[in-house]
Amino acid sequence: MPAKSKSQQRLFGMALAVRRGELKRSEVDDEVLDIVDGKMTDKQIRDFAKTPHKGLKEYLHECLRESII
């Protein structure tokens, strides 16, 4: 499943880096740790993280606003 926004893609990229040991747990927010410690597999996290930025909105709420209008 691709990320819906650039911020979501970056969030999952950080979670993947923590899982791989490239980032320390102390360097990231609790939101990232929730993903790392959650039930998502490495493949699921990687699918979100590998989404290209081109064509994505910056924040998820921008995507949701457009779908409502």
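Above this text you will find the structure in question.
Residues numbered from 1 in each chain as written. Predicted model: local features only at pLDDT ≥ 70, side-chain atom pairs only at ≥ 80, totals over all residues. Heavy atoms only, no water.

A few words now on the packing of aromatic side chains. Summed over the entire model, instances satisfying the criterion amount to 1 aromatic pair. Centre to centre, the rings of Phe12 and Phe48 are 4.3 Å apart; their planes meet at 15°, and the pair counts as stacked. Here Phe12, found in helix H1 (residues 6-20), pairs with Phe48, found in helix H3 (residues 42-49); they are 36 residues apart in sequence, far enough to count as distant. (Phe/Tyr/Trp six-rings, centres within 6.5 Å; stacked < 30°, edge-to-face > 60°. Helix = DSSP H or I, 4+ residues; strand = E, 2+ residues; numbered from the N terminus.)

So, about the pattern of salt bridges. Taken as a whole, this structure holds 5 salt bridges when the rule is applied. Asp37 serves as the salt-bridge partner of Arg25, at 2.9 Å between the closest nitrogen and oxygen. Linking Arg25 in the loop between H1 and helix H2 (30-37) with Asp37 in helix H2, this pair joins segments that are 12 residues apart in sequence. The exposed category is assigned to Asp37, whose relative accessible area is 52%. Of the charged contacts, one joins Asp47 and Lys50 as a salt bridge, the two residues approaching to 3.9 Å between their closest N and O atoms. For Lys50, a relative accessible area of 60% corresponds to the exposed category. Within this structure, Lys43, Asp47 and Lys50 form a network of salt bridges that share partners. (Salt bridge = Lys/Arg side-chain N within 4 Å of Asp/Glu carboxyl O. Buried < 20%, exposed > 50% of the residue type's maximum accessible area, 1.4 Å probe, protein only.)

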